[in-house]
Structure formats: C-alpha cells, structure tokens
Amino acid sequence: MAKEKQMIIGEVPVSPFSRLFSMPGLDCFNIVTIGFKNEANPSAFIEGLKNTFLNHPRFSCILERGLGEHKAKWIPTKVKVEDHVVVPDIDPTIENPDQFLEDYTSNMVFSPIDTSKPLWEIHILNMKTSDAESLLVARFHHSLGDGMSLMSLLLACSRKTSDPEALPTFAAPKKSKVTNVWWSLVARLWFIIRLMFNTFVEVFKFLLILCSVRDATTPLMEKPSATLSPNKFIHRIVSLDDVKVVKNAMNMTVNDVILGMVQAGLSRYLSQKYDSQTNWKLKNSLENISLRGVVFFNLRSNKKIEDLDKMMEKRSTSRWGNSIGYAMIPLWMRSENDIFEYIRRAKTIMDRKKLSLEPLFSYVLLKLTVEVFGFKALRTLAMRIFGRSTIILSNVAGPTEEISLFDHQISYVAASISGFPQALIVHITSYVNKAIINLGVDLDVVPDPHHLCDLMVEALQMMKLAVEENSSTDLNV
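Residues numbered from 1 in each chain as written. Predicted model: local features only at pLDDT ≥ 70, side-chain atom pairs only at ≥ 80, totals over all residues. Heavy atoms only, no water.

Just so we agree on the cut-off: UniProt positions are given in the numbering used here, feature names are shortened, and annotations may be inferred rather than shown by experiment.
Per an unreviewed UniProt entry, the protein chain goes by the name Diacylglycerol O-acyltransferase and belongs to Eruca vesicaria subsp. sativa. Per UniProt, the comment on the protein chain under Sequence similarities (unreviewed entry) is "In the N-terminal section; belongs to the long-chain O-acyltransferase family."

Given below as structure tokens:
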C-alpha cells in the first residue's frame, strides 16, 4: 500500500509556475536568513527537521524536469536530513562577521545544488553578528513554494516563546462592521463598480506595458556588461514601531509607508548618481525618467495561522506552492521637498492595484499561456514582464510575538530571492517589532548597496521626524 501511495504522489505533475521557476535562464531560489538569540545546536535542528520537513511531500521529493513532451513531476525519495544540513567551521575571532555573512550568503546562492536530492539546504552558522548570536541560512528552490508558503512552513515548525505548545500568531486584519443592510448593499455595489473599472484600466495598462519598450536607461540598469541578476545580498533591521508612527499619523497602511520609504531612498540614490554626472543633460534626468516595479501579491484567500499550519499536513486542502500574482506599478522618482509625498503616491497606486484583479489576471495569463502555447511561450512572457521593469518589490508579514524554532529563540527573519533577471530586488519581512529590509543587487549595476540601504533607512527617519515636528507644532498652536 505504501509503495502504491508513492507511485500516486510521483505521478503528480509539477505546476506551471513551479516549472517556470526551474526553467533555464529563470532558475529561482528563495533565500532565508534567520538570526537566533542563542548558540545554535545542529543536532536539535536535524531532529526537528526530521519531524517537520519530512512530513511535507514537497520536501521529500526530487524535481524531475521534463524534456520535450515529457512533463516535469515530483518523484518521492528517501531523504537523509544530514545531507541537507551544512555546518561550516568558522573562526570565532573573525574580524567582520557581518561582512562574512553577506559573502557566505552570496557564495551559497551561486554554488551548484545537487538536483539528485530535494532542492533545499540549510546552513547553520555558529557565529555572533551585530543582530544575532547564531544564524541559519536556507536555500529553497522556488518550485517548492512562494514566500507565503515558506513563512507558513516556518510558523508550522515554530512555537511561541512564551508558550512552547502554542502556534505563533499573525495580526488579524480589522473588519468594519456595517449595521445598516441597505447601506451595506450600496457599499457592495459601489465596490463592484470600482473593482471592475480599476481592473479594466490596470489590465489595459499592464498589456500596454508588455507591448512597449522597457524602462528608461538609469544607473540601475546602465552597464551593458551587467548580468541583471542579484549577486550580493544584504539586510538592515529597522523599527516596525517607527513605521507605525508614520502610518498612524498619515492614516495609511504599513505597506504604504514601506513603499514610500523605498521610493524616497531610490530617488535620493538616483539623484546623487545624476549629480555626479559631468554631462549637464543627465543632471536633470530624474524628473523625466519613468521606472516601473513588479510587485508580488498573495492570491490565497485564507491567511489564518490555523490554515497556514495545515499546509504542513499531507492531505491539507490549503494551497501550498506558488499562488502569487504580479502587478506593474510606476515608481515615483522625484526630488520632493515634502517627504510625505512619496507615501501619498504609494498609497494612490497601491489602492488602485489592490482594488483590481490585475494580480489575478497576470496569474491566469501565465497559466493560460503555458496550457495553450507551451513552456517556451511561458518563459518568453515571464521574461518580457520582468524585462519591462527595473525593480522587484515583495513583502511577507511575519509573527507578531516572539517565537522559537526547535528551541532556538528567533531574533529576526530576512528573506530574498535569486534568479530573476533584475539588478535590484527589495524584499521586506516583519518580525514582532522589527522590519527587515533585504536587498539583492547586481554589483555591476549597484556597486554600493549599503549606501542605497542607508538612504532608505534615512528616509524612514526623516518621515518619523517630520511626524514628530508636526505633532509638536499642533500642540503649540
């Protein structure tokens, strides 16, 4: 019976998006770095992985990439966890551990992975950095799942530090209560009208962009020798409370503030690059350029922690894998005197995107393309989407309470992706009261990623300072 069960699982084909992320030229990986507040015990991790990862079929299967008419599929295999866990010998007196972590992560990303085994590996680094006492650096092939799936994996493997038997929790979204039935019907009708109108406009612009030329040449894509693939990964931790101070003062969302922060930092970065140009024509180019970013949207309707935990169960109906859509957004690249303008612009565009079906349209478009025209057409379409943009933007919300992974208390969680044909990828994760900015850059295009990250952090501090100054002014009036 067990053998028959393995045969059935093995005959399940790989989903179109999983195969897309494993095609030549678009071999993508999720990179996750977890900092701990105590020294790591490799034996505890190995034992914990045996009791969690191996319960999920996707992490105990080999990806057989189909050739020609042969479809790709997942093949069950016997997994030896020890073969997926790497514990390097690290000099405890290393001079710059933060730099070592960046170099180690970048080298790990581009090292070959053994395709005869399930496509995941975990590196345990027993060294102290400025943000953690020890670290776990993991590499998961994107065919295994998207960021939300991997966050659910982390949550399912973790427990609250305050209650070792309890699952972690997310902040539940607030729902407005409507007591008047007629007003509720009017509101729903107005919502549908706006949804249809925004969908028509945003999908039309999406298709128009696909048929147009790519973004204007900027310092983010100007060197012809660039590979346009991230080869350096850095992260910076900022206070999520600072983000919420700005959010509450402006009546925005956390995502609005973060996107505004990114736009402000990028604008200052490009402005400095243009100011260093000797050609006077290039100095004023910031006001004339048009840049676009690709934003990932989670298409799952159920986002409760209980639903995420069920993803670890073999027979769960929860959607595991790559359930993501894309939307093209224009980036506001200007030298604004009003730092809040970046947030207002971010809110305007994101409100339209969220109140449209563009992410779902992009998902369906890619799925129909592969079903009708095949995987070569799918790859061409995907490359065209990313080729019409400059930056990839993504974020994943983490737990709101301290959690522990296999009895190791977590300090922070950083994440990024590799393999996409972009010179800059900005990924934001949250953990308790921290927001972690992770940049993946092509050093040929962005040779100073730390400076770019500094400008983003400084933009957030400028926003917070402006809020405090406005509050002081209001109190004095």
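Structural notes on the overall build of the protein chain
The following threshold applies: In this text, helices come from DSSP runs of H or I with a minimum length of four residues, and strands from runs of E with a minimum of two, each type numbered from the N-terminal end. With a 1.4 Å probe rolled over the protein chains alone, any residue whose accessible area is under 20% of its type maximum counts as buried; one over 50% counts as exposed, and the rest are partly exposed. Using the Shrake-Rupley algorithm and a 1.4 Å probe, accessible areas are obtained, with residue cover drawn only from the displayed protein chains.
Helices and strands together make up the secondary structure of the protein chain, namely 14 helices and 17 strands. Looking at the protein chain as a whole, 51% of its 477 residues qualify as buried. Carbon and sulfur atoms provide 56% of the accessible area of the protein chain, an area that totals close to 23400 Å².

A short note on the sheet that holds strand 6 (residues 85–86)
Stated precisely, the cut-off is as follows: Should DSSP find at least two bridges between two strands, the strands are regarded as paired. A contact between two residues is defined here by any heavy atoms of the two lying within 4.5 Å. Orientation is described by axes fitted as lines to C-alpha atoms, over the contacting stretch for helices, and by angles from 0 to 180 degrees between their N-to-C directions.
Strand order across the open sheet formed by seven strands is 6-7-8-3-15-14-9, with mixed pairing between neighbours. Strand pairing shows two members of the sheet lacking a second neighbour, strand 6 and strand 9 (158–160), which therefore form its edges. As paired elements, strand 9 and strand 14 (residues 403–405) share three bridges and run antiparallel to each other. Bridge pairing links R159 to S404 in strand 14. Contacts between helix 5 (residues 147–157) and the sheet are confined to strand 3 (29–36), strand 8 (134–141), strand 9, strand 14 and strand 15 (408–418), with strand 9 contributing the most and set at about 60° to the helix.

A word on the packing of aromatic side chains
For clarity, the threshold we go by: Only Phe, Tyr and Trp rings are paired, with Trp represented by its six-membered ring, and only when their centres lie within 6.5 Å; those with planes under 30 degrees apart are stacked, over 60 edge-to-face, the remainder tilted. We call a charge positioned above a ring when the Lys NZ or Arg CZ atom is no farther than 6 Å from the ring centre and deviates by at most 35 degrees from the ring normal.
The full count for this structure, using the stated rule, is 13 aromatic pairs. Ring centres of F53 and W120 lie 5.1 Å apart, and the angle between their planes is 65°; this geometry places the pair in the edge-to-face category. Remark: W120 occurs in strand 7 (residues 120–125) and F53 occurs in the loop between helix 3 (42–52) and strand 4 (61–64); sequence separation between them is 67 residues. Comparing F53 with W120, the two get one shared label, buried. Here the aromatic residues F53, F59, W120 and F140 are joined through ring pairs into a cluster of three or more. When the ring centre of F29 is taken as reference, the NZ or CZ atom of R139 above it lies at 5.1 Å.

Considerations on unusual backbone geometry
Despite not being glycine, N251 shows a phi value in the positive range, around 55°. Relative to the elements of secondary structure, N251 occurs in the loop between helix 7 (240–250) and helix 8 (254–275). You will see that V432, though not glycine, has its phi angle at about 55°, which is positive. For V432, the position within the fold is in the loop between strand 16 (424–431) and strand 17 (434–441). Residue classification places V432 among the partly exposed positions, given a relative accessible area of 21%.

Describing empty space enclosed by the protein
Rolled over the atoms, a probe sized like a water molecule indicates the empty space that remains. The cut-off we apply is this: A 1.4 Å probe that fits into a set of points on a 1 Å grid over the protein atoms alone but cannot get out defines a cavity; an open set with protein on both sides within 12 Å along at least five of seven lines defines a pocket, and lining residues are those with an atom within 4 Å of a point. Grid points are joined across faces, edges and corners, and a volume is the space filled by probe spheres set on the points. For this scheme, ten residues count as nonpolar: Ala, Val, Leu, Ile, Met, Phe, Trp, Tyr, Cys and Pro. Four count as charged, namely Asp, Glu, Lys and Arg, and the remainder, Gly too, count as polar.
For the coordinates displayed, the defined rule picks out two cavities of 30 Å³ or more. Its boundaries defined by the atoms lining it, the largest cavity holds a volume of some 40 Å³. For the lining of the largest cavity, a count of residues per class yields six nonpolar, no polar and no charged.

Points about the environment of L331
In this fold, L331 is placed in strand 12 (residues 324–331). Between the alpha carbons of L331 and V262 there is a distance of 9.5 Å; along the sequence they are 69 residues apart. Apart from residues lying up to four places away in sequence, L331 is in contact with Q263, L291, R292, G293, I391 and L393.

Things to note about the sheet that holds strand 16
Taken together, the six strands give an open sheet; going across it, the order is 10-17-16-13-11-12, and neighbouring strands pair in mixed fashion. A strand with exactly one partner marks an edge of an open sheet, and here the two such strands are strand 10 (232–239) and strand 12. Within this sheet the neighbouring strands show an average axis-to-axis angle of 20°, counted without direction. Note that strand 11 (residues 291–298) and strand 12 share eight bridges and pair antiparallel. If you follow G293 over to strand 12, its bridge partner there is I329.

Observations concerning the pairing of strand 13 (residues 391–396)
Among the six residues that make up strand 13, five are buried, leaving the element largely enclosed by the rest of the structure. With three bridges joining them, strand 11 and strand 13 adopt parallel strand pairing. Bridging across to strand 13, V295 finds its partner in L393. Where strand 13 and strand 16 come together, six bridges link them in parallel fashion. In the strand pairing of strand 16, N395 is matched with I428.

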